[in-house]
Amino acid sequence: MLLDAPPTVPVLGPADCHIWWADPATVTDDCLLLLDGAEQERIPQMRRVEDRRRFIAGRALLRTAAAGYLGLAPRHLDVVARCPDCSRNHGKPELPGTGLQVSLSHSGDRVAVAVTRAGAVGIDVEEISTSVSPVELLPHVIGPTEPRTPAHATASGFHRMWTRKEAVLKATGQGLRVPLSEVGVSAPEEDPKVLFLGGPAARPAEEFVLADLEAGAGCAAAVAVIGGGPLAFTAYSRSRPSAAAFTPWAGGTGR
């Protein structure tokens, strides 16, 4: 569902998941000022300018979106990222003590943040690369009991499957430490659904709500929420990651 831009911060109910979009090309100095010391320390470690912009945009968008729901200044929001494998400040972002579950992803000229109160959430957006060979990669990312259809061999179908799987793993907090072949999802041309989840992230498939997102031309995206029950997915976009105003996302929310 896509709503007209409301005059105030949208209400995030217990069965809502809001998706916020921004373009990293719109990063300005005020975006950087929103980040805390730990986040700013990570920026010089990124060699490419586009990677730094995507990181800044993602954290600024997360802070402005979440702070709106909480009535806080974005700069004062406590964003924690803990890596289970080391002591560095990276990994899935958390907002302890707020009741909000968040996830962010970025690829190309898309930055996306998912916010919900319903349960742990994961979002993934990927540019659809024509240099990727689905036929070569498919044996490594599809489980032996997953259905295979001709759509898997297309670039758009392959990336749709990939984003569904990665969204599920990001919701569990495991990310790509778990092979994608341990996650079973419905065929790309079918409604999104989790079929199974094995390995260290194993849990019942029915606990997940999975949705495809409209990310615009040349991109695929998906979001997964752990908690079961129907959810309403609503998308918004910001003119820049730190902007106070928001508008409807022209791409819609998907299915």
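What you are looking at is a predicted structure, and each value in this text was computed from that prediction instead of being measured. (Residues numbered from 1 in each chain as written. Predicted model: local features only at pLDDT ≥ 70, side-chain atom pairs only at ≥ 80, totals over all residues. Heavy atoms only, no water.)

**Quick look at the sheet that holds strand E10 (residues 219-226)**
- The three strands lie next to each other as E6-E10-E9, forming an open sheet whose pairing is antiparallel. On the outer flanks of this sheet lie strand E6 (121-127) and strand E9 (208-213), each paired with one strand and no other. Within this sheet the neighbouring strands show an average axis-to-axis angle of 15°, counted without direction.
- Inspection of the sheet shows E9 paired to E10 by six bridges, in the antiparallel sense. Within E10, the position partnered with leucine 210 by the bridge is alanine 224.
- Against the sheet, helix H5 (residues 155-172) makes contact with E6, E9 and E10, and its axis sits at roughly 150° relative to E6, the strand it touches most. (Pairing = 2+ DSSP bridges. Helix = DSSP H or I, 4+ residues; strand = E, 2+ residues; numbered from the N terminus. Axes fitted to C-alpha atoms, helices over the stretch in contact; angles between N-to-C directions. Contact = heavy atoms within 4.5 Å.)

**What to know about the packing of aromatic side chains**
- Taken as a whole and assessed by the stated rule, the structure comprises three aromatic pairs.
- Note on phenylalanine 158 and tryptophan 162: the rings are 6.0 Å apart at their centroids and 45° apart in plane angle, and the pair reads as tilted. Of the two residues, phenylalanine 158 and tryptophan 162 are both situated in helix H5; the distance of four residues between them amounts to about one turn of the helix.
- One aromatic cluster is present, built from ring pairs that chain together Trp20, Tyr69 and Tyr236. (Phe/Tyr/Trp six-rings, centres within 6.5 Å; stacked < 30°, edge-to-face > 60°.)

**Comments concerning H5**
- Counted at 1.5 Å a residue, the expected span for H5 with its 18 residues is 26 Å, and the 26 Å between its end C-alpha atoms agrees.
- Burial analysis of H5 places 13 of its 18 residues in the buried class, the great majority of the element.
- Phi for glycine 173, located one or two positions after H5, is positive at around 90°. (Expected span 1.5 Å × (residues − 1). Buried < 20%, exposed > 50% of the residue type's maximum accessible area, 1.4 Å probe, protein only.)

**Considering the packing of helix H4 (residues 134-141) against H5**
- Two numbers describe how H4 lies on H5: the axes approach to 11 Å, and their chain directions differ by 25°. Of the possible angle classes, the one that applies to H4 and H5 is roughly parallel. Crossing geometry of H4 relative to H5 is assigned as left-handed. In contact with Pro134, Leu137, Leu138 and Val141 of H4, H5 contributes Ala155, Phe158, Met161, Trp162 and Lys165.
- Considered class by class, the residues forming the contact of H4 with H5 number eight nonpolar, no polar and one charged. (Parallel < 35°, antiparallel > 145°, perpendicular 65-115°, else oblique. Left-handed = near helix turned anticlockwise from the far one by under 90°. Nonpolar A, V, L, I, M, F, W, Y, C, P; charged D, E, K, R; others polar.)

Any functional reading would require information that these geometric values do not contain.
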